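# Results of the structural survey
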Amino acid sequence: MWTKRSLWLASTAIAMSATAIQPAFAEDEQAPQPESDIVVTGFRASLKGARDVKRSATIIQDSIVAEDIAAFPDLNLAEALQRLPGVAINREAGEGRRVSLRGLGPDFTRVQLNGMEVLGNVDSPQDSRGQGTRDRAFDFNIFAAELFSRVDVRKSFSAEQSEGGLAGTVGLYTARPFDSEGTKVAFSASGGTNTLTKDFQPRLTGLVSKNWGDFGILVSAAYSHRQTRETGVDTYRWRLNKANGSDISALTQEERDKINSGTLRFARGNRLSVWDSTQDRLGVTASAQWNPVDTVHLTLDGLYGKYKADRFETHLASRGGGGSTWLGGGQTFAGVTYPNSTINAIEWNDQNEVTYLDVSGGQTATETRVQKATNTFKQLTFSGDAEIVPGLKATFLGGIERSSYDMPLSDQFYTEAYGDVVTDYRGGSYALSNTYGWDTGDTSNYHAHEIDMNQSFQDSAFDNVKGSLAYEITPDDKISIGGEWRRFENSGFKRTYNDALLTGFKNGTVSADMSDYAKVYEGYKGQDWVIVDYDKALSALGIDRGKYLISKNSVFSVEERTAAGYLQYDWNHMLGSMPFRGNIGGRYYHTDILSAGIGTVGGAEAPISVSSSYQGFLPAMNLIFDATQNLVVRASAARNINRPALGSLAVNGTVSVGDNGELSVSIGNPALKPYKSTDLDLSVEYYFGKVGSVSAALFYKTLDGFITTQTVNDVPYSETGLSTDLVAGVTGSTNVTTFSRPVNLGKTDLWGLELAAQTDFTFLPAPFDHFGTAVNFTYVNSKYDYSTMYAGGANTTLEGLSKYNGNITLYYQDAKFDIRGSANYRSSYVYSAAPITSTLGLDQDLSGYAATVYVDMSAHYKVMEGVQLTLDAINLTNQHEKQYSDSTKRLYVNTRSGTTIMGGVRFEF
């Protein structure tokens, strides 16, 4: 296993080796070819441009650039970023969504758009993946990649950067008119389908840019429409249980004793599942640039993005038990009495997990879930620079940003039936097979059981003003001073009506007969089941959602106001015969927080608000040694912070009711302080040829004030401070089984190694000289501490940390045709380190994802000057997304999303 000592020893060896091997390359560089001899285009141009940006940077960073406006080399920004060392992404329905950098989760990666921080709300169709999450992560799915001309991933910190983003900063840049000369018009149209949906998916992009000397305007837009499907199996966690009245007389005495001991863990739901989504995405950018004089440069940028999803979700779930939601006795529903279930056979593994269960009269439920979600983003920035007097330059940026995430419809309709079922997990850790002894597609076997109705709304606002003065003491020495003010607010609420009509269905006052609105779902290969036409169901039952969804709950508002200032010195000198450049400086920040919500004060509901503040000083240093003409060595040391997740700062919380009526409460903590980190980085980079480079980087971070979830058991509801209106029948003295909240607790650290290389194969004979490759590998490790993860304690497991990440891209390019394929590997990682407990024991100590390998492909053919055919394929291998429950890695969710193929044409004038 790598240790910190061995990593830093390795870094010294890398630097010494790179210097030592330099003469071996010297012969090839004695007579370099003029740059004009070879015109680098296509994917090679993207690699070359990114290499040049990386080489000239004054910090440690990697980049991706477009060969031309509206020609970004990937369909999705996240999928492009995964080709950089140290970057890992998660995917939703095969498409990249969020970015993790250097082993730290998406919440630790700051995203900026045209120099201003961007904070968009994260969304997922699946609850297990954090639907409607309130955090600082950015959902890259909201924007089409074609709207951007460059992406920078800044991995080391300098004083001039805004504090935060402890893992690093992803800088997004939209196209601007001065990126090219004269007039530019580009248009692309493509269409395709997915192997699971078989729909037609159009994708349109257009761009117009015009320059009139010192003034230019650019407008671009991208629109796409697609259907996605994820299908598979899931359990929604496992739980300890007993027979609870089920007939177990057919089992052996050993099996009966084992069941009644309460040590066996049963899957809470043995579900066959489908998630469908119809998505529309629109993005528009506009940019105006004006240079009124040679020493003044002004830019106005605007961006609008809208992402809409119309979702349908359904499950066929065998609970393995009788009339209750668990193993056990029957029940009377709408005047019909269902007997206890009978367990005919049972098997379990060494972890006491039930892997095989044969049940007669077991309860089966189907779920029909409908959702409508809209994510809207707007940003306007005005930036520029001016030389006040020779050697004194002023820069500024001012911007406003507004985003909203609305889900006005999120309803679930449950049906219920009884019959024989065999559930089998013996095929592997992520396998599930259900065999039914009755017709699950016969509507007469079902009755209506329950309707849940939900709405949720979130709004974010961000205002930013910053400026600086830079004075050139000499042509090689510069001192900068700057200041910044930021205001960020995130607010929202929910409307929830759970168990609507459940009592009426049960006692027969509302008819549970579904014949007017039931239908058979045939979208799951090999198994049909009964669902409902939800609109018809509401009409048949006379339900007006507006009458149920009246009262707001989970009302929250978090506002941050930050003032910051910095001082930085930059130099570019000679250290002996070696060029030596870099920067050193410090940044001071002060943040005020106001968190508001609805709570219980003196036994009565009332608005409550909590304020807090924190401040600090962050020193930073970056050193760059141009050891030879082609060898660059970088070292950096800095302090940085990462502000708490937005949901963690909210003064309100959520209350959930378990299967046996137990209450679980989770609240935020406005008094949280930010993570603090000390960062050390060392990078060695060797550049050769037109696009070639080899690099190795070592990094080490310490995290102090680690924020983690602390859980205590059996406390009165009054201690939570929440409104009793969240759940019917709750009073201040009601027992809360598990009470969780985030706290600053302890320290942890992580360290890692990044290796990357890219080159053309021009040394090979034709036609192999047209091939090339780009590869990278990242290793990250961290100190894990499970010693205090149970009730009353916490753990310092880093969420989102994959120990191993790797990407390999192989490409071919000639004058007319280019093709490339990329394979990306991400090892398993913890998604949530927060334990979940109940009255029946610990459901899980954590949850996470299994390793994945995604393979994507892109090809282009130049028909004539300005006309190009395109072909893209996403998720060629139909990679499964596997989520696990608990550190024992029990099945949680296992889905596949199919392969998407897109073909099109691109025009440029």
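Reading guide: rules and limits
Residues numbered from 1 in each chain as written. Predicted model: local features only at pLDDT ≥ 70, side-chain atom pairs only at ≥ 80, totals over all residues. Heavy atoms only, no water. Helix = DSSP H or I, 4+ residues; strand = E, 2+ residues; numbered from the N terminus. Buried < 20%, exposed > 50% of the residue type's maximum accessible area, 1.4 Å probe, protein only. Contact = heavy atoms within 4.5 Å. Areas by Shrake-Rupley, 256 points an atom, 1.4 Å probe, with all protein chains shown as cover. Expected span 1.5 Å × (residues − 1). Patch = residues over 30% accessible without salt bridge, like charges linked within 9 Å, V, L, I, M, F, W, Y side chains within 5 Å. Salt bridge = Lys/Arg side-chain N within 4 Å of Asp/Glu carboxyl O. Polar contact = N/O pair within 3.5 Å; in protein donor to acceptor, adjacent residues only side chain to side chain. Pairing = 2+ DSSP bridges. Axes fitted to C-alpha atoms, helices over the stretch in contact; angles between N-to-C directions. Phe/Tyr/Trp six-rings, centres within 6.5 Å; stacked < 30°, edge-to-face > 60°. Lys NZ or Arg CZ within 6 Å of the ring centre and 35° of its normal. Arc of directions from axis to C-beta.

Time to look at the overall build of the protein. Within the protein, the regular secondary structure consists of eight helices and 47 strands. Here the protein holds 909 residues, and the buried ones make up 58% of them. Here the contacts in the protein between residues at least 6 apart in sequence split such that 73% fall between residues at least 24 apart. Accessible surface, the protein as shown: approximately 34900 Å² in total, 56% of it carbon and sulfur.

For the peptide bond that leads from alanine 766 to proline 767, omega is 0°, which places it in the cis range. On the secondary structure map, proline 767 appears in the loop between strand 35 (747–760) and strand 36 (771–782). We note that alanine 93 has phi near 55°; this positive angle belongs to a residue other than glycine. Residue position: alanine 93 is located in the loop between strand 2 (87–92) and strand 3 (95–101).

Glancing now at helix 2 (residues 42–56). In a regular helix each residue adds 1.5 Å, so 15 residues correspond to 21 Å; helix 2 covers 22 Å between its end C-alpha atoms and thus fits that length. Among the 15 residues that make up helix 2, 12 are buried, leaving the element largely enclosed by the rest of the structure. Every buried residue of helix 2 is accounted for by Gly42, Phe43, Arg44, Ala45, Ser46, Leu47, Lys48, Gly49, Ala50, Arg51, Val53 and Lys54.

On the surface, a cluster of nonpolar side chains totalling about 710 Å² of accessible area is made up of Ile388, Val389, Leu469, Tyr471, Ile473, Ile479, Ile481 and Leu567. Broken down by secondary-structure element, the contributors of at least two residues to the nonpolar patch are strand 18 (354–389), strand 21 (447–474) and strand 22 (477–500). Mapped onto the elements of the fold, isoleucine 473 is located in strand 21.

The next point concerns the side chain of asparagine 894. Within the secondary structure, asparagine 894 sits in strand 46 (residues 890–896). Engagement of the side chain of asparagine 894 in a polar contact is seen with the backbone oxygen of tyrosine 430, the distance being 2.8 Å. Among residues more than four places away in sequence, those in contact with asparagine 894 are Thr231, Gly232, Val233, Tyr430, His880, Glu881 and Lys882.

With that out of the way, let us pick up the side chain of glutamate 367. If you trace the backbone, glutamate 367 turns up in strand 18. What makes glutamate 367 buried here is its relative accessible area of 7%. Setting aside its immediate chain neighbours within four residues, glutamate 367 contacts Arg271, Glu313, Thr314, His315, Gln412, Phe413 and Tyr414.

This paragraph deals with the environment of glutamine 161. If you trace the backbone, glutamine 161 turns up in the loop between strand 6 (148–154) and strand 7 (168–174). Here glutamine 161 falls in the buried class, since its relative accessible area comes to 11%. Not counting residues within four places of it along the chain, the set of residues in contact with glutamine 161 comprises Ile59, Arg110, Arg154, Ser156, Thr169 and Arg587. Within the local environment of glutamine 161, its side chain forms a polar contact with the backbone oxygen of serine 156, the two atoms lying 3.2 Å apart.

Quick look at the sheet that holds strand 6 now. Taken in spatial order, the five strands make up an open sheet running 1-6-7-4-5, and their pairing is mixed. On the outer flanks of this sheet lie strand 1 (61–65) and strand 5 (116–117), each paired with one strand and no other. The pairing of strand 6 with strand 7 spans six bridges and is classified as antiparallel. From the neighbouring strand, valine 153 faces strand 7, where its bridge partner is valine 170. Most of the contacts of helix 2 go to strand 1, to which it runs at about 150°, and overall it touches strand 1 and strand 6.

Moving on, we come to the pairing of strand 47 (residues 900–908). Of the pairings in the sheet, the one linking strand 8 (residues 183–194) to strand 47 comprises nine bridges and is antiparallel in character. What sits directly across from threonine 193, in strand 47, is isoleucine 901.

Here the focus is the packing of aromatic side chains. Inspection of every chain in the model, using the stated rule, returns 34 aromatic pairs. Consider the rings of phenylalanine 580 and phenylalanine 625, whose centres lie 4.8 Å apart with planes at 15°: the pair is stacked. With phenylalanine 580 in strand 26 (residues 578–601) and phenylalanine 625 in strand 27 (residues 604–626), this residue pair connects regions lying 45 residues apart in the sequence. Note on accessibility: phenylalanine 580 and phenylalanine 625 belong to one class, buried. For the ring pair tyrosine 829 and tyrosine 849, a centre distance of 5.1 Å and an interplane angle of 15° mean the geometry is stacked. Taken together, the positions of tyrosine 829 in strand 39 (residues 829–832) and tyrosine 849 in strand 42 (residues 847–849) put the pair 20 residues apart, joining distant regions of the chain. What makes tyrosine 849 buried here is its relative accessible area of 4%. Among the aromatic residues, ring-to-ring pairing joins Phe138, Phe140, Phe143, Phe148 and Phe377 into one connected group. Over the aromatic face of phenylalanine 493 sits the side chain of lysine 552, whose NZ or CZ is 4.3 Å from the ring centroid.

Two side chains of opposite charge can pair, provided their charged atoms sit close to one another. Under the criterion given, the structure shown has 44 salt bridges. Of the charged contacts in the structure, one is a salt bridge between arginine 44 and aspartate 760, with a shortest N-O distance of 2.6 Å. Of this pair, arginine 44 sits in helix 2 while aspartate 760 sits in strand 35; the two residues are 716 residues apart in sequence, bridging distant segments of the chain. Taking relative accessible area as the criterion, arginine 44 reaches 11% and is therefore assigned buried. Residue aspartate 760 is classed as buried on the basis of its relative accessible area, which comes to 11%. Across the pair aspartate 62 and lysine 54 runs a salt bridge whose closest N-O atoms are separated by 3.0 Å. The structure contains a network of salt bridges with shared partners spanning Lys54, Asp62, Arg102, Lys155, Arg634, Asp681, Glu685 and Glu754.

As a further point, take helix 6 (residues 534–541). Taken as a whole, helix 6 has its buried residues at Tyr534, Ala537 and Leu538. Buried positions in helix 6, seen along its axis, are confined to an arc of 95° and lie on one side of it. Turned more than 90 degrees away from the buried face of helix 6 sit Asp535, Lys536 and Ser539, all of them exposed. Looking at the packing, one finds that the buried side of helix 6 touches strand 18, strand 19 (392–424), strand 21, strand 24 (527–532) and helix 7 (545–548). One or two residues past the end of helix 6 sits glycine 542, with phi positive at roughly 70°.

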